[in-house]
Amino acid sequence: MSEADKAKALEATNWDFIELGASHMVTGYDHLLFLFGVVFFLTRFNDIVKFVTAFTIGHSITLLFATLYQIQANYYLIDAVIALTVIYKGFDNLGGFKKYLNIASPNLLLMVFVFGLIHGFGLSTRLQMLPLSEEGLVLKILSFNLGVELGQIAALTVMLGLLAIWRKTKSFKNFSNAANVFLISLGVLLLLQQLHGYSHTSHPDDFGFSADNYLHEHEKMSSDMESEIESEMTNQRPRTSHDSID
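Residues numbered from 1 in each chain as written. Predicted model: local features only at pLDDT ≥ 70, side-chain atom pairs only at ≥ 80, totals over all residues. Heavy atoms only, no water.

### Observations regarding the packing of aromatic side chains
Step number 1: Considering all chains together, one arrives at 14 aromatic pairs under this definition.
Step number 2: Plain terms: the ring middles of Phe 34 and Phe 115 are 5.7 Å apart, the flat faces sit at 85 degrees to each other, and that makes the pair edge-to-face. With a gap of 81 residues between them, Phe 34 in helix H3 (residues 29–39) and Phe 115 in helix H7 (residues 108–127) connect regions that are remote in the sequence.
Step number 3: Ring centres of Phe 36 and Phe 40 lie 5.5 Å apart, and the angle between their planes is 70 degrees; this geometry places the pair in the edge-to-face category.
Step number 4: In this structure Phe 36 comes out as partly exposed when scored by relative accessible area, which is 25%.
Step number 5: Residue classification places Phe 40 among the buried residues on the basis of a relative accessible area of 0%.
Step number 6: One aromatic cluster is present, built from ring pairs that chain together Phe 34, Phe 55, Tyr 88, Phe 91, Phe 97, Tyr 100 and Phe 115. (Phe/Tyr/Trp six-rings, centres within 6.5 Å; stacked < 30°, edge-to-face > 60°. Helix = DSSP H or I, 4+ residues; strand = E, 2+ residues; numbered from the N terminus. Buried < 20%, exposed > 50% of the residue type's maximum accessible area, 1.4 Å probe, protein only.)

Structure, rendered in structure tokens:
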């Protein structure tokens, strides 16, 4: 959650929490990647509804109760586990359990529900970063969750539309495996990113600054790097007649 979100939450209405939940879902690439993997091979409307409902029930349960009872964990670790769910779904889509482990795939509907619980806990850790007052807390959580569902519906509408178009082309058969390998690769990158963040917050002394200054230091490092690149580009820019006059 950004500082702007935290400031806005101090006087936020239930509608503001709906907007916040929707924006968090449509920008939550880890959640979207998992959903993309879930619906990748689903063509029947009933199957889509069944699996999306299982995921929705799962994340709604942990989002509500973890936030209400202030159950917390390091959000980098939670997001690392969410990255593993992305890797799992890509591996499952490739038939990895039968091909590489010689076992049947676990019940997918059950796994989607369990992974929904994990994703909901991730959403809860983000929501708990906001200054939430006890007054009307349940309604705020439900409003945030409603926003998440609306964002999820919007994202799924786009995904399903694109997949429906892609399935009608020859490239889907040729590149569906490659798409899921790419999905696994993105999951691995997300996993490494979150583990990197966790290493900074859990062992800050190893990096020369405190956990509280982690984001500040990284923003400063990024800013310094951008300045250096801009300076190098300026120095290497071909001189013009206007430059020579100056």
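Next comes the rest of the description.
### Notes on the confidence of the model for the protein
Step number 1: Confidence in the prediction of the protein, expressed as mean pLDDT, is 86, and 82% of residues score 70 or more.
Step number 2: Here residues 232–246 is modelled with pLDDT under 50, and outside its nearest four sequence neighbours on either side it reaches three contacts, counting other chains as well. (pLDDT = per-residue confidence, 0-100. Contact = heavy atoms within 4.5 Å.)

### Notes on the environment of Asn 177
Step number 1: By the secondary structure assignment, Asn 177 is in helix H9 (residues 170–202).
Step number 2: Placed 84 residues apart in sequence, Asn 177 and Asn 93 show a C-alpha to C-alpha distance of 8.1 Å.

### Considering a nonpolar patch on the surface
Step number 1: Together, Ile 57, Ile 61, Phe 65, Tyr 69 and Ile 71 make up an exposed nonpolar region whose accessible area comes to about 490 Å².
Step number 2: Tracing the sequence through the fold places Ile 61 in helix H4 (residues 45–68). (Patch = residues over 30% accessible without salt bridge, like charges linked within 9 Å, V, L, I, M, F, W, Y side chains within 5 Å. Areas by Shrake-Rupley, 256 points an atom, 1.4 Å probe, with all protein chains shown as cover. Salt bridge = Lys/Arg side-chain N within 4 Å of Asp/Glu carboxyl O.)

### Quick notes on the packing of H4 against H7
Step number 1: As a packed pair, H4 and H7 sit with axes 6 Å apart at the nearest point and diverge in direction by 35 degrees. Of the two elements, H4 crosses H7, and the hand of that crossing is right-handed.
Step number 2: In terms of residue class, the contact of H4 with H7 is made up of 16 nonpolar, eight polar and one charged. (Axes fitted to C-alpha atoms, helices over the stretch in contact; angles between N-to-C directions. Left-handed = near helix turned anticlockwise from the far one by under 90°. Nonpolar A, V, L, I, M, F, W, Y, C, P; charged D, E, K, R; others polar.)

### Structural notes on the side chain of Asp 16
Step number 1: Note that Asp 16 resides in helix H2 (residues 14–26).
Step number 2: In contact with Asp 16, not counting residues within four places along its chain, are Lys 8 and Glu 11.

### Observations regarding the layout of surface pockets
Step number 1: Reported here for the second largest pocket is a volume of approximately 230 Å³.
Step number 2: Lining of the second largest pocket is provided by 15 residues; of these, Phe 45, Ile 48, Val 52, Leu 156 and Leu 160 occupy positions nearest its centre.
Step number 3: Counting residues per element, the ones that place at least two in the lining of the second largest pocket are H4 and helix H8 (137–167).
Step number 4: At eight residues, the largest contribution of residues to the lining of the second largest pocket is made by H8. (1 Å grid on protein atoms, 1.4 Å probe; cavity = no way out; pocket = protein on both sides within 12 Å on 5 of 7 lines; lining within 4 Å. Points joined across faces, edges and corners; volume = space filled by probe spheres on them.)

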